[in-house]
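Architecture and fold: a report
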Amino acid sequence: DQPGTDQPGTGRGPVLLDARAEAEFAVSHLKGARRFEESLLAGLKKDRPIVVYCSVGYRSAELAERLQKLGFTNVRNLAGSLFEWANEGRPLESSKGPVHKVHPFDPEWGRLLAPSYH
């Protein structure tokens, strides 16, 4: 299994959940990731590996904590989140295919993102 490529609740790979807003997700995200919505939790086994991320890790940390309180036992927050992923030159995609751009969230937080990704 490729991580995040199967439907939530099926398969063995981790479910990749993006904790960012729809506009941020539309610019780019990790391959196979889904923007978090409550409906994705229906039918998801409580021990299924889940990896959450956002821009820098704050929103995804809150989501990880929330999922753990709901009884999910195998939740991880992607270290460095999407900004670090992009800054390391790792692949990103949008609904149109591979991209080399990341939504900077706002000017303050966007300073943590390499200028080539703005």
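Source: prediction; values computed, not measured.

If you tally the helices and strands in the protein chain, you get four helices and six strands. Traced from its N-terminal end to its C-terminal end, the protein chain shows the element sequence β-α-β-β-α-β-α-β-β-α. For the protein chain, the residues scored as buried account for 38% of the 118 residues in total. Within the protein chain, contacts between residues separated by at least 24 positions form 64% of all contacts whose residues are at least 6 apart in sequence. Surface accessibility of the protein chain: about 6700 Å² in total, with carbon and sulfur atoms responsible for 54%.

Our focus in this paragraph is the sheet that holds strand E3 (residues 50-53). Taken together, the four strands give an open sheet; going across it, the order is E2-E1-E3-E4, and neighbouring strands pair in parallel fashion. Both outer strands of the open sheet, strand E2 (34-35) and strand E4 (75-77), are each paired with one neighbouring strand and no more. Direction of pairing for E3 relative to E4: parallel, over a ladder of three bridges. Within E4, the residue paired with Ile50 across the bridge is Val75. With respect to the sheet, helix H2 (residues 58-69) is in contact with strand E1 (15-18), E3 and E4, its orientation differing from that of E3 by roughly 150°.

Residues Ile50 and Val52 line one face of E3 and the alternating positions Val51 and Tyr53 line the opposite face, and both faces are buried. A crossover connection joins E3 to the parallel E4 through H2; in handedness this β-α-β unit is right-handed.

All told, the structure shown has seven salt bridges when counted by the stated rule. Ionic pairing is found between Arg90 and Glu88, a salt bridge with its closest N-O pair at 2.7 Å. Under the relative-accessibility criterion, Arg90 is labelled partly exposed at 39%. Glu108 is the partner of Arg111 in a salt bridge, and the nearest nitrogen-oxygen pair spans 2.5 Å.

Attention now moves to H2. With twelve residues, H2 ought to run about 16 Å at 1.5 Å a step, and its terminal C-alpha atoms sit 17 Å apart, in line with that. Listed as buried for H2 are Ser60, Leu63, Ala64 and Leu67. Down the axis of H2, the buried side of the element spans an arc of 105°, and every buried residue falls inside it. Every exposed residue of H2 that faces more than 90 degrees away from the buried side is listed here: Tyr58 and Lys69. Looking at the packing, one finds that the buried side of H2 touches E1, E3, E4 and helix H3 (81-87). Directly beyond the C-terminal end of H2, a positive phi value near 105° is found at Gly71.

Here we come to a nonpolar patch on the surface. A cluster of nonpolar residues, Phe105, Trp109 and Leu112, forms a patch on the protein surface that exposes about 300 Å² of accessible area. Position of Trp109 relative to the elements: it lies in helix H4 (residues 107-110).

This next bit is on the confidence of the model for the protein chain. Mean pLDDT over the protein chain: 91, with 90% of residues reaching 70 or higher. Every residue in residues 1-6 is under pLDDT 50, and counting partners more than four places away or in other chains gives 14 contacts.

Analysis parameters
Residues numbered from 1 in each chain as written. Predicted model: local features only at pLDDT ≥ 70, side-chain atom pairs only at ≥ 80, totals over all residues. Heavy atoms only, no water. Helix = DSSP H or I, 4+ residues; strand = E, 2+ residues; numbered from the N terminus. Buried < 20%, exposed > 50% of the residue type's maximum accessible area, 1.4 Å probe, protein only. Contact = heavy atoms within 4.5 Å. Areas by Shrake-Rupley, 256 points an atom, 1.4 Å probe, with all protein chains shown as cover. Pairing = 2+ DSSP bridges. Axes fitted to C-alpha atoms, helices over the stretch in contact; angles between N-to-C directions. Right-handed = clockwise from strand over helix to strand, strands pointing away. Salt bridge = Lys/Arg side-chain N within 4 Å of Asp/Glu carboxyl O. Expected span 1.5 Å × (residues − 1). Arc of directions from axis to C-beta. Patch = residues over 30% accessible without salt bridge, like charges linked within 9 Å, V, L, I, M, F, W, Y side chains within 5 Å. pLDDT = per-residue confidence, 0-100.

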